[in-house]
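# Inside the fold
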Amino acid sequence: MKEKASYRQYIRPFENGSLQQILFRLGLLTFLFACLVGTVQNFLVGVNPIIHLVFLLGVVSFGIFYRMSFRQDITQPLALSFLFLVGGLIMFSYFFTGGITGSTTFFIIAYVLFGFLFFDYRKYVYYVVVCFMLAIVLFALETINPEWLVPYESAEVQQLDLFATLLTTILVIGIIMYFFKKHYDTNQVKLVENQEALEGMNQLLRKVGEEALSATKAKSDFLASMSHEIRTPLHGIIGMADIIKKTQLNEEQVDIVNSIQTSGNILLGLINDILDISKIEAERFELSESKFDIRKTLHDVLAIVRPRTSEKNVDLTFTITKNVPKFLVGDEKRLKQVLLNIAGNAAKFTNRGFVHIEMKAVDLKEDIVMLELNVVDSGIGISEDNIKYLFDPFFQSERVRQHNYGGTGLGLAITQKIVDLMKGKISVKSTEKLGTTFTIILPFGIDNSVEDQSTDKDQQVKLEDVREDLKILVAEDFEINQKVIRMMLEKLGLSADYAVNGREAVEYQRKHQYDLILMDLQMPEMDGIEATRLIRKEGPSNVEPVIIAMSANALSSDQDVCFVVGMNDFISKPATLDKVHEVLKKWESPVA
């Protein structure tokens with residue numbers, strides 16, 4: 001079967017192979033056909049017997065080259081060998097077919113044209129020049145040594161040879177044009193088929209892309225909905241705990257309230273982790289830059305981690321070298337998140353011994369510093385097999401699961417993504433049962449400006465300082481959250497009216513013209529976005545109410561929509577009394 005298939009390809013030279021192979025076969029077939037016709041012609045006309053041998057040698061040689069063209073690539077040496085063979089046969093037969101006035105002249109012209117199949121434009125020009133010089137040499141030899149020519153037997157024989165060669169040349173050109181046309185038509189059909197296939201692939205890709213976008217949107221909608229549904233009751237839990245904590249409590253009650261707040265904050269942290277990993281995967285995770293005091297940042301982290309180490313009698317210590325600048329420029333919030341994830345894990349997995357945080361500048365320049373952070377603990381450690389999976393989402397080692405340390409397994413995955421986004425590096429070394437060391441290197445800008453001592457003083461505003469005559473409307477459908485907000489406002493010496501949906505909020509604003517509106521986003525009948533749009537559309541041009549979104553929708557895209565429709569600020573639930581006071585104080589003056 002293989003042999004038959006091999007012979008079949010010899011009679012279909014233009015169906016397989018590269019363009020160079022197809023062109024080479026076309027040239028071979030041209031000269032092979034010319035030699036076959038020439039051999040028959042020579043027998044009929046009766047030219048010199050040596051010419052018979054020349055044409056027979058050409059038939060055999062071209063046949064060998066033709067077979068080779070199916071078995072290997074057409075290299076430059078192979079093409080040149082073929083051209084040298086053809087040129088040699090033409091030069092040899094030149095003197096046996098009447099010289100310049102004989103039939104060989106047609107083959108010289110065909111030989112010159114044939115080189116176009118093998119060379120690019122520049123090399124072909126050189127090839128034509130060489131062929132032209134060889135033709136001049138042949139003509140010169142013919143002129144100088146006319147005795148070298150073997151004349152035709154008669155003028156009739158010469159005319160018959162020239163006529164037959166001309167017909168052969170025309171026939172060869174016709175065959176070449178036929179095969180070129182056939183090859184062109186075949187390529188056109190393939191081109192149409194490829195275009196149709198490409199269009200089909202494009203349609204498939206568009207469909208897959210639309211499905212992926214739909215899936216991404218569904219995922220985002222689900223996360224937003226999940227976040228909202230969990231944050232809404234969580235706002236009641238944390239908000240109430242925060243209000244109770246500011247009342248007169250005994251030691252036992254303080255401990256209970258702290259436990260409630262701690263549990264609520266842990267749950268809030270889990271929600272934030274899920275949202276963060278989602279934003280990172282969707283490439284919607286953004287960094288911000290601001291000036292911050294790095295030592296204060298470290299103390300804030302220690303204050304959060306210390307309760308966990310204290311209850312287990314684990315030493316929590318830190319060192320910060322003198323070469324670390326006081327004020328840096330970068331994303332303080334994300335730096336805190338990284339430190340809290342690493343130091344929090346160290347505290348979680350260390351039952352005795354210590355947790356130590358070291359901070360130093362490893363590459364200090366005029367306006368940038370490479371900050372190295374080392375978090376060292378004497379905890380349970382990590383096995384070598386588990387280290388390579390440590391930064392994978394949702395990964396927890398078998399030992400962690402067995403001892404029920406809790407968590408989602410997202411903290412370190414998020415940490416690595418944040419470090420990568422901040423163009424830093426993170427690495428870990430650990431020995432099981434002896435402890436772990438995390439090393440983080442991050443670049444930060446340096447702020448050498450003089451510290452404004454009045455900043456902190458200005459921020460230390462007493463809760464009673466909010467303007468007591470503020471006319472406030474609260475649009476909130478969840479009864480417990482209404483109660484939390486009411487108690488917070490009462491703590492601040494303020495009162496408010498309450499609407500249970502967006503439609504009521506719009507009607508209340510028409511009647512009473514409030515100074516400030518705390519607007520939930522998801523409410524029945526009309527949501528907060530549409531309500532804000534209507535209030536802004538109908539509001540007087542001289543003074544408009546300050547509208548503050550107070551919502552469990554925590555995605556940045558939700559906040560962007562709020563600002564687009566005309567809201568002034570955003571409070572994410574669950575909110576503390578201090579946060580509510582801070583925002584109210586910020587917007588207590590009328591917005592003109």
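Residues numbered from 1 in each chain as written. Predicted model: local features only at pLDDT ≥ 70, side-chain atom pairs only at ≥ 80, totals over all residues. Heavy atoms only, no water.

## Considering the overall build of the protein chain
What counts, and what does not: A helix here means a DSSP run of H or I that spans at least four residues, while a strand means a run of E at least two residues long, and both kinds are numbered starting from the N terminus. The buried label goes to any residue with under 20% of its type's maximum accessible area, the exposed label to any with over 50%, and the partly exposed label to all in between, with areas taken from a 1.4 Å probe on protein chains only. Should any heavy atoms of two residues lie within 4.5 Å, those residues are counted as being in contact. For the area figures, the Shrake-Rupley method with a 1.4 Å probe applies, and any residue is considered shielded solely by the protein chains shown.
When helices and strands are tallied, the protein chain shows 19 helices and 12 strands. Expressed as a percentage of the 592 residues in the protein chain, the buried residues total 42%. Long-range pairs, those at least 24 residues apart, make up 71% of the contacts in the protein chain between residues at least 6 apart in sequence. When the accessible area of the protein chain is evaluated, it comes to approximately 33,200 Å², of which 59% is carbon and sulfur surface.

## Some remarks on the sheet that holds strand β8 (residues 472–475)
Cut-off, in case you're wondering: If DSSP finds at least two bridges between two strands, the strands pair. Working convention: axes come from line fits to C-alpha atoms, limited for helices to the stretch in contact. Angles between N-to-C directions cover 0 to 180 degrees.
Pairing within the open sheet is parallel, and its five strands lie in the order β9-β8-β10-β11-β12. Edge positions in the sheet fall to β9 (496–499) and β12 (569–572), since each has one partner strand and no second. Direction aside, neighbouring strands of the sheet carry axes that sit 20° apart on average. Pairing geometry for strand β11 (residues 546–551) and β12, over four bridges, is parallel. Bridged to M550 within β12 is I571. Most of the contacts of helix α15 (residues 479–491) go to β9, to which it runs at about 170°, and overall it touches β8, β9, β10 (516–519) and β11.

## Quick look at the pairing of β9
The line we're drawing: Handedness rule for crossovers: strands pointing away from the viewer, path from the first strand over the helix to the second running clockwise, crossover right-handed.
Bridging between β8 and β9 involves four bridges; their strand directions are parallel. Paired with I472 across the two strands is A496, which belongs to β9. A crossover links β8 with its parallel partner β9, the connecting element being α15, and its sense is right-handed.

Purely geometric numbers; function is a separate question.
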